[in-house]
Amino acid sequence: MADYTTIGKSVKKIDALPLALGIEPFTADYPLDSPLILKFMYSDLAHADIVSLDASRAEALDGVAGVFHFWNCPDTFYTTAGQGYPEPSAYDNRLFDHKVRFVGDRICMVAAETAEIAEEAISLIDVELDPLPALFDPELSTDPDSPRLHSDGEYMPIPVPYEPENNIAASLDIPLGDVESGMEEADFVVEHRYTTHQTSHAALEPHVVACYLNPHDRVILITATQVPFHVRRIVGRVLDIPIQRIRVIKPRIGGGFGGKQEVLLEPYAALATLRTGRPTFCEFTRSEVFVSSRTRHPMRVDFKMGVKNNGEITALVMDALMDSGAYGTHGLTVLSNAGAKVLPLFNKIPNMLFTGKSVYTNLPVGGAYRGYGATQSYFGFNQHIDMIARKLDIDFLDYCKKWHIKKGETSEIFRALGEGKEGVSQVIGSCGLGECIDVGAAAIGWKKKRGSKPSGPNGSIRGIGAAIMMQGSGIPKIDMGGASLKLNEDGSFNLFVGATDLGTGSDTILVQIAAEALKVAPEKIEILSSDTDLTPFDVGAYASSTTYISGGAVMKCALAMVDELRKVAAEALGVDALVQGSECFTDPESGKSFSYEEIGYRSFYAKNQAQLQTNASHTSDVSPPPFLAQFAEVEVDPETGIVRVVEFVSAVDCGQAINPALAEGQIEGAAVNGISYALAEQYVFNRDGRVTNAAFGRYGMYTTADMPKMQTFLIPTHDENGPYGAKSVGEIGINGPAPAIANAIFDAVGVRLYHLPMTPERVFRALQESRSEENHSA
Amino acid sequence: MNGTITVNGTEMKIDFDPIDTLLDVLRNNGHTEVKRGCSKGECGTCLILLDDLLVNSCQVFAATALGKRVTTSTGLNEDGRPHTIHEAFADAGAVQCGFCTPGMVMATHSLLRESPDPTEEEIRAGLVGNLCRCTGYVKIIDAVKLASKRMREHG
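Residues numbered from 1 in each chain as written. Chains lettered and ligands numbered in written order. Predicted model: local features only at pLDDT ≥ 70, side-chain atom pairs only at ≥ 80, totals over all residues.

Asker: Help me out: how do you make sense of the overall build of chain B in this one?
Answerer: Scanning chain B for helices and strands turns up 5 helices and 5 strands. The order of α-helices and β-strands along chain B, N terminus first, is β-β-α-β-β-β-α-α-α-α. Radius of gyration (C-alpha) of chain B: 15 Å, near the 15 Å computed for a compact globule of 155 residues. Its C-alpha atoms give chain B principal-axis dimensions of roughly 45 × 30 × 25 Å. A separation of at least 24 residues holds for 59% of the contacts in chain B among residues at least 6 apart in sequence. (Helix = DSSP H or I, 4+ residues; strand = E, 2+ residues; numbered from the N terminus. Rg over C-alpha atoms; globule rule 2.2 N^0.38 Å. Contact = placed C-beta atoms within 7 Å.)

Encoded structure:
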């Protein structure tokens, strides 16, 4: 391994201590001058026309500055998806509409001096809703008799199928080879249906935005976002104001996980500020976050695989039905990633067919969520592979090791399936999955425990299961990040990046990358990130892109700075062949050196005066996948159906970990989120489509009391495409818990769980069904 | 309504509405180190000490706190400098987004006061009212162990 000074070191996260104290400001911590508070009025019907809206009593209330609704706001269609331009998501959303499409959809908004006045004003607004039939079952969305949600001129900004007349927000049809003959070649076929459910990102900081006009009449937005530059562009378009007039600042943000890749509140705050001239502040309540922000898309996935007795999968058919909810944000790309981030993993399948639809329903809106479709798909995929291995009487891990994609190999899926267009061919440049499997298996005691079904306490039975997975590192040929760097006369540097640290520690990682190239201590670099006035463009924090794409930009930028520094040092020493040392350049002949500080003073004040400054941008033609093997040991209580995860092991290949502690943190956080998703978290709806458990206390998110013993291993590889060999690590860890736990439950008690979450009731019923089948066959 | 509370050793005169919670009043008076995650007492981001009792400040009316002592994360050390617990969280890699951390620090402080050398089970029980989505709690538990060790070694 290369001899790095900063890369691969668990440098302390640069904002950790002030964050621990609580003195690093988040959006809600910025003092505003008497802001108006924004509150929304929501629909309590799942589907209805707004027949009339009379806000006169509310507007007359003392302390109310404005009521905003369809009849007095821009009616531009847009998508809240914070994606590149043009977004591969349907333009089916307006600020306000004359229709509501789920319980919790926006009717109107009040701006008032206090939250209490705003709430009172909402109670004074007279709204007449004409109920329409509601659609809750995505399987019925395309049925000709089902109600239609969007019929007002909604459209797709890119040339891909969009059929609102059939409630289809997006669809896919990716044929590779000939699946019919592939199935005929098979000795046996395994076919099952799997379903996954809505969950909340549950970032501890709710969605929040502050807005004001500066003295130059510019719109300043301080916001908890993963995508500041997309916010600026989308707000400009929706409100028809120049991008130039908008400045978006992302302070510290309290977690994102995809939930803040939505441009949800910013257009409203900007609108209210422009209309009233006043600062505005809008902060979702926790209940609003659950119901009216975004969820993980539920997905029904059918897998059918034809297998030869030698283990070869001769054909794979995957059909996915994704419930997009009332709006189609990320409707195409989450769906496509359910295939794109999963199917290449077993790249020797010659015949494949991946079809899918994203459909509208009158339910809360799906969106980007860590894992982005792969999570939904891997739940079924890894169970399917477990079943195939068992049928072949081969150990699951041995089977995976034989058939998974390896370094130097490719998959047709990479070429065929991209983000709203064809994908990009790539050859795998690094793959440590085999070692991940071995290390994880040894850590959890796979060989000894698998199939042994030992008894646990109180009549419970233990089992062990695993899952393997890949993700990507950014979106190839689409994602772009920029960086700039300037030298100060004390030899320190300012690094400016558009990249967005949502708590992951990317600011620290980008500083480490710059420090390595510059050969300085990380403390010598001050980073400023995510301010659309001050920093270069970056698409933002999503698609596991920041370390790989933004890090690539920082590395280029820092290496360009090294060239600039070298020129000044060469001029000063009168020697061309200099060696870069720690914070200096040295003439190997004379031993003389010229420090960065001397370079700074010279270039500022003495000779050929100039501000040394470099810029770089980075895109990538490939998206090197990180790989991960995850293992769960569970305890199943057959009397109650309660499943407890006893131990959970992850072994990940994220290339060169820039900061091992931060990389581990990504996997640990994702894993516990994934376990909680698999076993506990869910939205409970009543028959009217209302979420009945929109509070932490009734939602089921894991606490310290629930989490298992955890072990996480980083398996080093080096990917030539990434900065210092790095790949991504942010999303992948959430994909494995559900299938690993399902496979472990089967190992323990011999029943399959095809539906998430695997609640005690579902496990108990599955056990009951298997017992009654046994009785029938006996 | 108005009155006085003592926040981190400094008397603070406050004007407030009867409906205002202690969290509202603290944040409105510059104590933004106390975070608002749910307003229902279910996430632990707004934990403070009221006299010596660990409470979710969103669940306490401001009026209840009149004449009492409030200690927030920035008041754990009299001079406002980081406490051993803050340093342990930073050093253990337990801070990701950091939104839950001041509350976690307060819960840790209460736990270690009662149980200076807690078992893992005691740590888990002590932090059960604090939600975190970023870390999976792994390095948070490490941080509590590190803080406990350092506080026992250095007093």
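Asker: What should I look at first to understand the environment of P131 of chain A in this one?
Answerer: All names here are of chain A. Mapped onto the fold, P131 is located in strand β6 (residues 126–131). The spacing of P131 and V100 is 31 residues in sequence and 9.4 Å in space, taken between C-alpha atoms. Leave out the neighbours within four places in its chain, and P131 touches L45 and A48.

Asker: What am I meant to see in the sheet that holds strand β1 (residues 36–42) of chain A here?
Answerer: As a general point, the strands of a sheet are linked pairwise by backbone hydrogen bonds and lie either parallel or antiparallel. Residues and elements named next belong to chain A. Strand order across the open sheet formed by 7 strands is β3-β5-β1-β12-β9-β10-β11, with mixed pairing between neighbours. In this open sheet, the two strands that pair with only one neighbour each are β3 (64–68) and β11 (246–249). Mean inter-strand twist for the sheet, computed between neighbouring axes without regard to direction, equals 20°. Note: β1 against strand β5 (residues 106–112), 6 bridges, orientation antiparallel. Bridged to F40 within β5 is M109. The sheet strands contacting helix α5 (residues 228–239) are β10 (219–223) and β11, and the helix crosses β11 at an angle near 150°. (Pairing = 2+ DSSP bridges. Axes fitted to C-alpha atoms, helices over the stretch in contact; angles between N-to-C directions.)

Asker: Would you take a moment to explain the interface of chain B and chain A for this structure?
Answerer: By a widely used convention, the size of an interface equals the accessible area lost when the partners come together. Of the residues lining the interface, 42 residues belong to chain B; the matching set on chain A comes to 48 residues. Counting residues per element, the ones that place at least two in the side of chain B that touches chain A are α2 (84–91), α3 (101–114), α4 (120–126) and α5 (138–154) of chain B. Of the residues forming the side of chain B that touches chain A, the biggest block, 5 residues, is contributed by α2 of chain B. Among the residues making up the side of chain B that touches chain A, the classes are represented as 20 nonpolar, 13 polar and 9 charged. (Nonpolar A, V, L, I, M, F, W, Y, C, P; charged D, E, K, R; others polar.)

Asker: Can you walk me through the nonpolar core in this structure?
Answerer: Among soluble globular proteins, nonpolar side chains are generally buried collectively. Among the nonpolar cores identified, the biggest contains 309 residues, and L495, A514, V554, I741 and I745 of chain A are the most heavily contacted of them. Leaving out residues up to four positions away in the same chain, V554 of chain A has contacts with A483, L495, V497, L510, I513 and A514 of chain A. (Core = buried A, V, L, I, M, F, W, Y, C linked by C-beta atoms within 7 Å. Buried ≥ 20, exposed ≤ 12 C-beta atoms within 10 Å, placed from the backbone.)

Asker: Can you help me understand the domain arrangement of chain B in this one?
Answerer: Residue and element names in this part refer to chain B. The domains assigned to chain B are domain 1 (2–75) and domain 2 (84–154). When each unit is reduced to the centre of its C-alpha atoms, the spacing between domain 1 and domain 2 is 21 Å. Contacts between domain 1 and domain 2 engage 13 residues on the former and 11 residues on the latter. When residues of the side of domain 1 that touches domain 2 are assigned to their parent elements, the largest contribution, 3 residues, is made by strand β3 (residues 47–50). Split by residue class, the side of domain 1 that touches domain 2 holds 7 nonpolar, 4 polar and 2 charged. (Domains from an automatic or database assignment.)

Asker: Honestly, the environment of A680 of chain A in this entry has me stumped. Any pointers?
Answerer: Residue and element names in this part refer to chain A. Take A680: it is sitting in the loop between α17 (660–679) and α18 (696–699). Residues A680 and L221, 459 residues apart in the sequence, show an inter-C-alpha distance of 36 Å. What A680 contacts, discounting residues up to four positions off in sequence, is G700, Y702 and P757.

Asker: Where do I start with the domain arrangement of chain A in this structure?
Answerer: Domain boundaries assigned for chain A yield domain 1 (16–23 + 479–618), domain 2 (32–132 + 207–283) and domain 3 (295–475 + 622–777). For the side of domain 2 of chain A that touches domain 3 of chain A, the class distribution of residues is 7 nonpolar, 9 polar and 4 charged.

Asker: Is there a simple way to think about the sheet that holds strand β21 (residues 525–529) of chain A in this case?
Answerer: All names here are of chain A. If you trace the 4 strands from one edge of the open sheet to the other, you get β21-β20-β19-β25, paired in mixed fashion. Edge strands, defined here as strands with exactly one partner in the open sheet, are β21 and β25 (613–618). With direction set aside, neighbouring strand axes in the sheet form an average angle of 15°. For strand β20 (residues 493–497) and β21, the ladder comprises 5 bridges, and the chain directions are parallel. Counted as the bridge partner of V497 is S529 from β21. Contacts from helix α14 (residues 506–518) reach β19 (481–487), β20 and β21 within the one sheet, and its direction differs from that of β21 by about 135°.

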